[in-house]
Amino acid sequence: NPNNPTGTLVTQEQIDRFMAKVPDHVVVVFDEAYYEFLDNPPDTLKYVREGRNVVVLRTFSKIQGLAGTRVGYGIANKELIDVLQRTRQPFNLNAVAQAGALAGLLDQEHQDKTKRITDEGRAYLQCQFAALGLEFIPSYANFVLVKVGDGNAVFKAMMDQGVIVRAMAAYKLPEWVRISIGTMPQNERCIEVLKGVLGR
Ligand SMILES: Cc1ncc(COP(=O)(O)O)c(C=O)c1O
């Protein structure tokens with residue numbers, strides 16, 4: 001939450017309504033990979049504090065930009081963590097990745113800057129899609145899902161011009177592509193290439 005590839009958000013109220021119906025013995029996992037991109041993130045840690053069977057997953061792959069180091073973390077009650085510890089591979093996280101993750105956590109300026117650039121880029125891309133008459137899903141994440149017709153063909157044609165978007169056929173959304181938000185020059189180039197490919 002937000003969801004990949006739609007970029008949609010499940011609200012606090014929806015989460016609370018859902019959690020009220022979940023029996024205590026059922027484990028609920030919240031994947032919050034894009035959590036840091038939210039202005040008002042829903043509070044799921046309260047369920048961990050209340051001792052519910054909840055695991056909250058976060059990653060350094062997104063706002064920290066450390067996907068290559070393969071670092072993330074889960075927050076859960078002691079009993080659940082104990083089970084995970086028993087199945088965890090030894091030495092599954094190297095020291096360089098840990099140093100990078102710690103430095104990333106301390107670098108609030110970088111996170112703020114990335115969020116600011118992403119917010120600006122999201123507004124720009126969504127505005128351009130609307131102007132082009134393309135259907136899109138308003139996003140809370142660092143990508144936008146947009147309907148382009150033949151997603152595979154658009155992916156290939158854009159890649160030929162050096163812009164990589166993600167075709168969505170594997171998600172059973174063959175008419176859509178997912179576009180990651182970049183810097184403003186990258187976003188502008190992406191729109192320019194997309195326009196050319198769509199003949200608009
Ligand atoms: C919703 C969601 N969860 C998790 C991940 C993966 O994160 P990690 O790089 O930590 O495996 C992604 C990355 O694409 C994602 O979109």
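Cut-offs used in this document
- Residues numbered from 1 in each chain as written.
- Predicted model: local features only at pLDDT ≥ 70, side-chain atom pairs only at ≥ 80, totals over all residues.
- Heavy atoms only, no water.
- Core = buried A, V, L, I, M, F, W, Y, C linked by side-chain atoms within 4.5 Å.
- Buried < 20%, exposed > 50% of the residue type's maximum accessible area, 1.4 Å probe, protein only.
- Helix = DSSP H or I, 4+ residues; strand = E, 2+ residues; numbered from the N terminus.
- Contact = heavy atoms within 4.5 Å.
- Pairing = 2+ DSSP bridges.
- Axes fitted to C-alpha atoms, helices over the stretch in contact; angles between N-to-C directions.
- Near = heavy atom within 4 Å.
- Polar contact = N/O pair within 3.5 Å; in protein donor to acceptor, adjacent residues only side chain to side chain.
- Areas by Shrake-Rupley, 256 points an atom, 1.4 Å probe, with all protein chains shown as cover.
- Nonpolar A, V, L, I, M, F, W, Y, C, P; charged D, E, K, R; others polar.
- Phe/Tyr/Trp six-rings, centres within 6.5 Å; stacked < 30°, edge-to-face > 60°.
- Lys NZ or Arg CZ within 6 Å of the ring centre and 35° of its normal.

Q: Would you mind going over the nonpolar core with me for this structure?
A: Considering soluble globular proteins, one finds that nonpolar side chains tend to be buried as a cluster. Counting residues in each nonpolar core, the largest one holds 20 residues, and the members touching the most others are Leu 125, Phe 129, Val 146, Met 158, Val 177, Ile 179 and Leu 194. Put simply, the parts of the chain that give this core at least two residues each are helix H5 (108-131), strand S5 (143-147), helix H6 (151-160), strand S7 (176-180) and helix H7 (184-198). Looking at this core element by element, the count peaks at five residues for H7. Contacts of Val 146, omitting those with residues within four sequence positions, involve Phe 129, Leu 134, Glu 135, Phe 136, Glu 175, Trp 176, Val 177 and Ile 179. Ile 15, Met 19, Val 28 and Val 48 belong to the second largest nonpolar core, which has nine residues in total.

Q: Help me out: how do you make sense of the sheet that holds strand S3 (residues 72-75) in this one?
A: Strands in a sheet are paired, the pairing made by backbone hydrogen bonds, and the direction either parallel or antiparallel. Pairing in this open sheet of three strands is mixed, and the strands run S1-S2-S3 from one edge to the other. Each of the sheet's edge strands pairs with one partner strand only, and the pair in question is strand S1 (28-31) and S3. In this sheet, adjacent strand axes meet at a mean angle of 20° when their direction is disregarded. As paired elements, S1 and strand S2 (residues 54-59) share four bridges and run parallel to each other. From the neighbouring strand, Val 29 faces S2, where its bridge partner is Val 55.

Q: How do you make sense of the site of the ligand when you look at a structure like this?
A: Around the ligand lies a shell formed by Asn 4, Asp 31, Ala 33, Tyr 34, Thr 59, Ser 61, Lys 62 and Arg 70. Note that an oxygen atom of the ligand is positioned 2.7 Å from one of the side-chain N or O atoms of Tyr 34. With the chains in place, 66% of the 400 Å² that the ligand exposes on its own is no longer accessible. Partitioned by chemical class, the residues of the shell around the ligand number two nonpolar, three polar and three charged.

Q: Explanation requested: the packing of aromatic side chains in the structure shown.
A: Each aromatic ring pair is specified by the distance between its two centres and by the angle formed by the two planes. Per the stated rule, a full pass over the model turns up three aromatic pairs. Ring geometry for Tyr 34 versus Phe 143: centroids 5.2 Å apart, planes at 80°, classification edge-to-face. Of the two residues, Tyr 34 is situated in the loop between S1 and helix H2 (45-49) and Phe 143 in strand S5; the sequence distance between them amounts to 109 residues. Where Phe 60 meets Tyr 73, the ring centres are 5.8 Å apart and the plane angle is 55°; that geometry is what we call tilted. Placement of the pair is Phe 60 in the loop between S2 and S3 and Tyr 73 in strand S3, with a sequence separation of 13 residues. Its end group placed over the ring of Tyr 35, Arg 58 keeps NZ or CZ at 3.6 Å from the ring centre. Positioned above the aromatic ring of Phe 143, the side-chain terminus of Arg 178 is 5.5 Å from the ring centre.

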